[in-house]
Structures are given as structure tokens and as C-alpha cells.
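# Reading the structure
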Amino acid sequence: MKKPLIVQKFGGTSVGSIDRIEAVAKHIIKAKNDGNQVVVVVSAMSGETNRLMGLAHQIDNVPPARELDVLLSAGEQVSMALLAMTLGKLGYPARSLTGGQANIVTNNQHNDATITHIDTSVIDDLLAQDLIVIVAGFQGVNENGDITTLGRGGSDTTAVTLAGALSADECQIFTDVDGIYTCDPRVVASAQKLASIDFPTMEEMARKGAKVLHLPSVQYAWNNNVPLRVLSTFDNGPGSLVKGEVCPRPVCGLAIQRALISVRFEQTYISSVVQQCQMLGIQVWSTIPGDQFGSVIISEAQYAKLNLLFKDKIIHIESSTALTLVGHQAKELISMSNELLARHMIKIAHFDVNDRSLMLFLSAESIDKAANLLHDSYIATNQFLEIHQKRA
Ligand code: ADP
Ligand code: ASP
Ligand code: MG
């Protein structure tokens, strides 16, 4: 009978030192001893991708995208080899593969590529030899064989896509928190751990900055019915399962996105700036129109690219962050949130709504406090429900 197959992904903190790699090996060995075939995806050791990025930026503010991918993909290659050595030493033979060796093919969008196809034959052969297979996360190759990377946090997407291609029984994302919470538990101490979270909520949380899962990984799992679980490398808890059931609460979660930058132009330039951003692969988080001046909000990490093109036209820059309420009634909460935050001297600079969320742009200094205030009102207590019911 065919053994069950599990894909386990370990993030940067989980493989951050040799001791931690040994702890990771124990999780893998347990899964193997439980009778599973195991495919492992690893991230670069914590801090490594940033270190490599820093080296590139010492050479060029906007490094050539192809060479940046060659550089950044090296981080994951270090982790996979160290983990394979550790498993071998513990008596569990393992084989490490780069994205290219694992036949992970992407489109040509360097630095933010999308996986188009995985030919699993190499992995299948290694599994048939009873080996543990370790694949470098965050990377693939384009049709020319050039290395590409999947965008920051992309190892989650490698894991989930591999799990789909291999028809794995579960994709387990091991990280440095013990599951998915209603908000980042490092910011909001009263955040609640969720035994399960529905796909629409998780997708919107990931889209709006909850980096516990990379957005394309959630989308892929949703579209392809991949059983997806987030759990801790550092304990043995069950973690959180991402699955179909819809969250019944008006607000299901809060997402925090830091390191944004609001860039002001004369209003007449705004549409061409937005167009150029699309062409350059710069994500526009929002635009703020005005009579004379308008602004676009982008990620700080992409500012150098924009500056290269529009240097003379940029009038002012200001750092920004976004706090997003996710839930089917979040869009009704703008005035209540405004009042609540104003009582604590926190100003909403700008907001956007859609059917699933309300996104508030705030100063970097106020976001943690704002997250705690809104979480207490809308999630930890039922204040919103009470007020809503009184009004109805
Ligand atoms: P890894 O290196 O394992 O991929 P990440 O740093 O990318 O880990 O993601 C895990 C982090 O995501 C946690 O340490 C936590 O601070 C953050 N996070 C943000 N939002 C949430 C949330 N809703 N639930 C859990 N963790 C969250
Ligand atoms: N190492 C990459 C990053 O830091 C990918 C990942 O960790 O998922 O973004
Ligand atoms: Mg991550």
C-alpha cells in the first residue's frame, strides 16, 4: 500500500542555527517514523536573505533582477544542504534539491515569479528510494533555465505547490508561532489562536500583510484543495488548519502591513505613475487623489525603483503602514474605527474598503496601539456586535 505523503516547510527562524536544524530534523524523523513519505521545503536561515539583499544594495540601489535572483536563491541552498547533512548523520538519508533540480518551472517575472509547472519525476524517484527529499524554497527556474525567486516569503508557496503537484496528504508550514491568530500575536497579546480559518479570510489577511502565509500559497491551496496547516517548530501542538468553513463573526482578523511609503506627486502625474508601477511590477497599495497633489502608496522596498524613474517629479515622501480589518462587516466600520482611534489621538490618514475588508493607513508609530484598540473592540469583546444590534 502507498504510504501517506507529507510536505513539511520550515521557515527562517526554524533553520536559524545548527541546533535549530537538529530540532527540525526531529520533526521530519517523527513524520518518517510514523510511516509517511516526507518532502521538506526550507527557507534561508533567518536574516540571510536580508543580508544578501544588503550586499546587492551596496553595489546598486536597483540591482539587476536576474542577478538578484541568483544571489538570493543561495540562502535556501545553504539550509537544504545543512539539513540533508544533519538527517544523514542521524541515520536518515536525505537528498537536497535546488528549485531547478526539483523541476520547479516559473514564469519569467524575476524577483516575483509564479510557479507554472512542477515535473515531480525526480522527487518521485528519490521517494521511491525511501529518501527524504529536501527542496530549496522560494526558487525555481524559468523556461531558459535561469533562476527565479517567488517574492519575499515565497517558500510557503513552494511547499503548497509541491504538495499539490505530489497530491500530498497534508502541507505543514512550520514556523515560529504555534498557529494562525486573529492578529499578529507579537503585536496584540490578546490575539486568539484559531484552530481553523476559512480560505477567504486567510487570503485577505495574507493579501493585507499577515505574513504568516505567503499570499500565493493560500490561493494555490484554496484552488487546488491542498490541506494546509500552520504549526510551530518549537512545540508539538496541532496548529491551525486553513479550510473551507466561513468565519461567522463580523470581523474575523486584523492584518498589519508595515514599511509602506506614501509618495506625493502633482495629481496630473498620478495615472502615469500607477501605469509605470504596473509595468515595473511595483504593487500599488492605494492611491490618494487630491485637487492639486495626489499620492501613491507602495512598499518601501520598491521605492528605489520608482525613484529611478520619477526622481524629479516626487514632491514628498512619508512612511506609512496599513491596518486591515478582515470580515464581511468590516466595511461598515469606518466611522466607528475613526471615533475609537481619535479618542486615543490616532489619525486615519486614508482608508480603502472592499467587500471583505477595511484598510486603514496610519503612521508607523500608531499602528501597534491601533491594532490593540481595534482588536479589543471588534474581536476580543463583542462591542461591535452590541452596538450593531442596538442600531438595528
Ligand atoms: P517563517 O520565517 O517561518 O516563514 P514568517 O516570519 O514569515 O515566518 O511568518 C511568521 C510570523 O508571522 C510570526 O512570527 C508572526 O509575527 C507573523 N504573523 C503576522 N500575522 C500573523 C497571524 N495572524 N497569525 C500568526 N502569525 C502572524
Ligand atoms: N528566504 C526568503 C525570504 O526571506 C523566502 C522565505 O523565507 O520564504 O523572503
Ligand atoms: Mg514566511
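Below is a short write-up of the structure. Just so it is clear, the model here is predicted, and its values are computed rather than measured.

## A look at the site of ligand 1
Residues in contact with ligand 1 amount to 17 residues; listed here are only the nearest, Thr175, Asp176, Tyr181, Asp184 and Arg186. Asp184 places a polar side-chain atom, nitrogen or oxygen, 2.8 Å from an oxygen atom of ligand 1. Within the side chain of Arg186, an N or O atom sits 2.8 Å from an oxygen atom of ligand 1. Relative to its free-state accessible area of 570 Å², ligand 1 is covered by the protein chains to the extent of 89%.

## Comments concerning helix α8 (residues 270-280)
Residue pairs spaced three or four apart in an α-helix point in one direction, given the helix's 3.6 residues per turn. For α8, every residue scored as buried is listed here: Ile270, Val273 and Cys277. Looking straight down α8, one finds its buried side chains confined to an arc of 60°; they lie on one side. Of the exposed residues in α8, the ones pointing more than 90 degrees away from its buried face are Ser271, Gln278 and Met279. Buried-residue contacts for α8 involve β15 (253-266), β16 (284-288), β17 (293-299) and α9 (303-310). Note on α8: the residue one or two positions beyond its end, Gly281, has a positive phi of about 75°.

## Examining the pairing of β15
By the criterion of burial, β15 is predominantly enclosed, with 10 of the 14 residues buried. The pairing of β15 with strand β18 (residues 316-326) spans 10 bridges and is antiparallel. Note that in β18 the partner of Gln257 across the bridge is Ala322. Bridge count for β15 against β17 is seven bridges, and the pairing is antiparallel. For Leu260, the partnering residue across the bridge sits in β17 and is Ser299.

## Comments concerning the state of the cysteines
Applying the stated criterion to the full structure yields one disulfide. Across a sulfur-sulfur distance of 2.0 Å, Cys247 and Cys252 are joined as a disulfide pair. Disulfide Cys247 to Cys252: torsion about the S-S bond roughly -95°, handedness left-handed. For Cys247, a relative accessible area of 15% gives the class buried.

## Description of the site of ligand 2
Around ligand 2, the neighbouring residues are Ser43, Ala44, Thr49, Glu76, Phe138, Arg152, Gly153, Gly154 and Ser155. Side-chain polar atom of Thr49 to a nitrogen atom of ligand 2: 2.8 Å apart, as the coordinates give it. Here an oxygen atom of ligand 2 sits 3.4 Å away from a polar atom, N or O, in the main chain of Gly154. Burial of ligand 2 by the protein amounts to 85% of the accessible area it has alone, namely 270 Å². Split into classes, the residues belonging to the shell around ligand 2 amount to two nonpolar, five polar and two charged.

## Focus: the pattern of salt bridges
Under the criterion given, the structure shown has 15 salt bridges. Measuring nitrogen to oxygen at the nearest pair gives 3.5 Å for the salt bridge that ties Arg207 to Glu204. Here Arg207 pairs with Glu204, and both are found in helix α6 (residues 199-207), just three residues apart, close to one helical turn. Take Arg207: its relative accessible area is 33%, and that puts it in the partly exposed class. Across the pair Glu204 and Lys208 runs a salt bridge whose closest N-O atoms are separated by 2.9 Å. When sorted by exposure, Glu204 lands in the same class as Lys208, which is buried. What emerges from the salt-bridge pattern is a single network uniting Glu203, Glu204, Arg207, Lys208 and Arg356.

## Section: the sheet that holds β17
Spatially, six strands are ordered β16-β17-β15-β18-β20-β19 in an open sheet, and the strand pairing comes out antiparallel. Single-partner strands in this sheet number two, and they are β16 and β19 (350-353). Strand after strand, the sheet turns through a mean of 25° between neighbouring axes, direction not considered. The pairing of β16 with β17 spans four bridges and is antiparallel. By the bridge assignment, Thr287 is partnered in β17 with Val296. Against the sheet, helix α11 (residues 367-380) makes contact with β15, β18 and β20 (357-362), and its axis sits at roughly 135° relative to β15, the strand it touches most.

## Focus on unusual backbone geometry
Backbone geometry places Asn103, a non-glycine residue, at a positive phi of 60°. Within the secondary structure, Asn103 is located in the loop between β3 (94-97) and β4 (104-106). Judged by relative accessible area, which is 22%, Asn103 ranks as partly exposed. With a phi close to 75°, Phe138 is a non-glycine residue in the positive phi region. Turning to its location among the elements, Phe138 is positioned in the loop between β6 (132-136) and β7 (139-141).

## Comments concerning the environment of Val218
As for its position among the elements, Val218 is in helix α7 (residues 215-224). In this structure Val218 comes out as buried when scored by relative accessible area, which is 0%. As for Val218 and Val62, which are separated by 156 residues in sequence, their C-alpha atoms are 29 Å apart. The residues touching Val218, leaving out its near neighbours within four places in the chain, are Phe199, Met202, Glu203, Ala206 and Leu213.

The rules behind the values
Every chain is numbered on its own, with residues counted from 1 as its sequence reads. Naming scheme: in the order in which they are written, chains are lettered from A and ligands are numbered from 1. Where totals are concerned, whole chains, interfaces and linings use all residues; where local detail is concerned, this predicted model gives features only for residues with pLDDT of at least 70, and gives and counts side-chain atom pairs only at 80 or more. Here the side-chain values reflect all heavy atoms present in the structure, with hydrogen atoms and water set aside. Proximity criterion: a residue is near a molecule or strand once any of its heavy atoms comes within 4 Å of it. Polar contact is the term for a pair of N or O atoms within 3.5 Å; when the atoms are in protein, one must be able to donate a hydrogen and the other to accept it, and sequence-neighboring residues count only if both atoms are side-chain atoms. All accessible areas in this document rest on Shrake-Rupley with a 1.4 Å probe, and a residue is counted as covered only by the protein chains that are shown. Exposure categories follow from relative accessible area, calculated using a 1.4 Å probe and restricted to protein chains: below 20% of the type maximum is buried, above 50% is exposed, and the middle band is partly exposed. To qualify as a helix, a DSSP run of H or I must reach at least 4 residues; to qualify as a strand, a run of E must reach at least 2; elements of each kind are numbered from the N terminus. What the arc covers is the set of directions going from the helix axis to the C-beta atoms. A contact between two residues is defined here by any heavy atoms of the two lying within 4.5 Å. Any two strands are treated as partners once DSSP identifies two or more bridges connecting them. Two cysteine sulfurs form what is called a disulfide whenever their separation falls within 2.5 Å. Note that Gly is not counted as nonpolar here; it falls among the polar residues with everything else outside the nonpolar set of Ala, Val, Leu, Ile, Met, Phe, Trp, Tyr, Cys and Pro and the charged set of Asp, Glu, Lys and Arg. When a carboxyl oxygen of Asp or Glu lies within 4 Å of a side-chain nitrogen of Lys or Arg, that pair is called a salt bridge. Note on geometry: axes are lines fitted to C-alpha atoms, helical ones only across the stretch in contact, with angles between N-to-C directions running from 0 to 180 degrees.

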